[in-house]
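The residues making up each chain are set out below.
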Amino acid sequence: MIGATDSMTTKRYTSPDPELDSYYGDLAAKDLQPLWELGEMFTSEPKAAAVPHRWRAADLHELAGRAGNLVPIERGGDRRVIGLANPGLGGAPFIAPSLWAGVQFLMPGELAPPHRHTAAALRFILGGRGAYTVVDGDSIPMTPGDLVLTPGWTVHEHHNPGDEPMVWLDVLDLPLVIGLEALFFEQRPGNPEQRCPPRSASEMLYGQSAGLVPVGNQTPAFDGPSSPLTVYRWTDTDAALDALLEATSADEGTVRFRDPTRARDVMPTLRCEMTRMRAGATGCTQRQTGSQVFTVLNGSGRAQLAEHSFDLTAGDIFVVPSWVPWHLSADTQLDVFVTSDAPVLEALALFRRDQVEASR
Ligand code: GTQ
């Protein structure tokens, strides 16, 4: 997708047979390529260029915090974000071929001004209190563990009127949208009157109670491609995980964040889930097509990704590239937020997942 080639010229193949060699020269001159020389393209299974990698919370927070003093928010796209660059992607600023992940830092009194883009974004709040995001005019207070959506083309801005720095993870489908050459971006005028009531309209309409959605003439028309609920509160996720583990008596459970009005993921390109493992649990070894980004919210443990082993503490972020077998083990109770491009693969009938080994 990121597909940067060193030169803009079409590759010229060579052959010891002079006739074939000259034919290859003529092909290249006309920007044509012999498929029979391109056999390596057809790997028997996905061979990810992206590599398994873990970024430590301590490094992310220290480096994001230093940018807080060094980099005014006006510079560089109106956002103070450090992007997690997968070392396998040849210098591209992406965590995976389809996903951007960054740590965003907003200091007390700062405002990241409104803009919109066709890339879809989500924020998973890591630390701080008192800041809010505005999505299409609806103000959403942010607290740690909350998931906030800014679907493609929604206008969004971030305010921190509080007295603590605010830190969160951004995940966007940006490289996918860039690869499809479908990125639009525009800055938008701010509203100086913007305020933040304690609850967003989105929550009052769609997040009031599990299983209840508004119907009838008084309900605002809604038929967008993404969930109309734009924030999933940690208090709800936490309670759902507790109840799930109690109901199943299992030592591990996962909930998926979904559009409450339809049987869909939260956004067309991004799947979001939260896993809780009890202390001492080890999950099954599995693999799937597409890329997954994991963020540790609470607890400590270990992630095994093929031959890579990463110890984990709260705030660590790691990436599982396509078809890499992985499993987690928990030292303490472990809460992990997972986001992936699975809805894209499912929509294109490319999603495959298998369990390599059962949990222990
Ligand atoms: O907060 O709007 O990490 O536009 C990358 C692009 C965050 C944002 C990112 C963005 C934003």
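Small disclaimer: the values here were computed from a predicted structure and weren't measured.

**Student:** Got a minute to help me understand the overall build of the chain in this structure?
**Tutor:** Within the chain one finds six helices and 22 strands. Here the C-alpha radius of gyration of the chain, 23 Å, is about what a compact globule of 360 residues would show, namely 21 Å. Out of the 360 residues belonging to the chain, those deemed buried represent 48%. Pairs at least 24 apart in sequence give 73% of the contacts found in the chain among residues at least 6 apart. Just so you have it, the chain exposes about 17900 Å², and 54% of that area is on carbon and sulfur atoms. Once the 29 positive and 45 negative side-chain charges of the chain are each reduced to a mean point, those two points are 2 Å apart.

**Student:** So what exactly am I meant to see when it comes to the pattern of salt bridges here?
**Tutor:** Should their charged atoms come close, side chains of opposite charge can pair. The final tally for this structure, using the stated rule, is 18 salt bridges. Its salt-bridge partner being Glu110, residue Arg80 comes within 2.7 Å of it at the nearest N-O pair. Of this pair, Arg80 sits in the loop between helix H2 (57-70) and strand S2 (81-83) while Glu110 sits in the loop between strand S3 (100-106) and strand S4 (111-117), and the two are 30 residues apart along the sequence. Given the relative accessible area of 5%, Arg80 is considered buried. With a relative accessible area of 17%, Glu110 lands in the buried category. Residues Asp354 and Arg287 are paired through a salt bridge, measuring 3.1 Å at the closest nitrogen-oxygen approach. Highlighted residues: Asp354 in strand S22 (residues 353-357) and Arg287 in strand S15 (residues 285-288), separated in sequence by 67 residues. Residue class for Asp354 comes out partly exposed when judged on its relative accessible area of 26%. Bridged by salt links that share partners, the residues Asp238, Asp242, Arg276 and Asp335 form one connected network.

Reading the values: rules and limits
Along each chain, numbering runs from 1 in the same order as the chain's sequence is written. pLDDT decides what is reported in this predicted model: residues at 70 or higher carry local features, side-chain atom pairs at 80 or more are listed and counted, and totals for whole chains, interfaces and linings draw on all residues regardless. Side-chain calculation: all heavy atoms of the structure are included, whereas hydrogens and water are not. Secondary structure elements follow DSSP: runs of H or I of four or more residues count as helices, runs of E of two or more count as strands, with numbering from the N terminus. All radius of gyration figures rest on C-alpha atoms, and the globule criterion is 2.2 Å times the number of residues raised to 0.38. Think of it in three bands: with a 1.4 Å probe and only protein chains considered, a residue is buried below 20% of the maximum accessible area for its type, exposed above 50%, and partly exposed in between. Only heavy atoms enter the contact rule, under which two residues are in contact if any of them lie within 4.5 Å. Each accessible area is a Shrake-Rupley result for a 1.4 Å probe, and residues are judged covered by the shown protein chains and nothing else. Lys and Arg are tallied as positive, Asp and Glu as negative. Neither His nor the chain termini are counted. All charge positions are set by atom: Lys at NZ, Arg at CZ, Asp at CG, Glu at CD. A pair is scored as a salt bridge if a Lys or Arg side-chain nitrogen falls within 4 Å of a carboxyl oxygen belonging to Asp or Glu.

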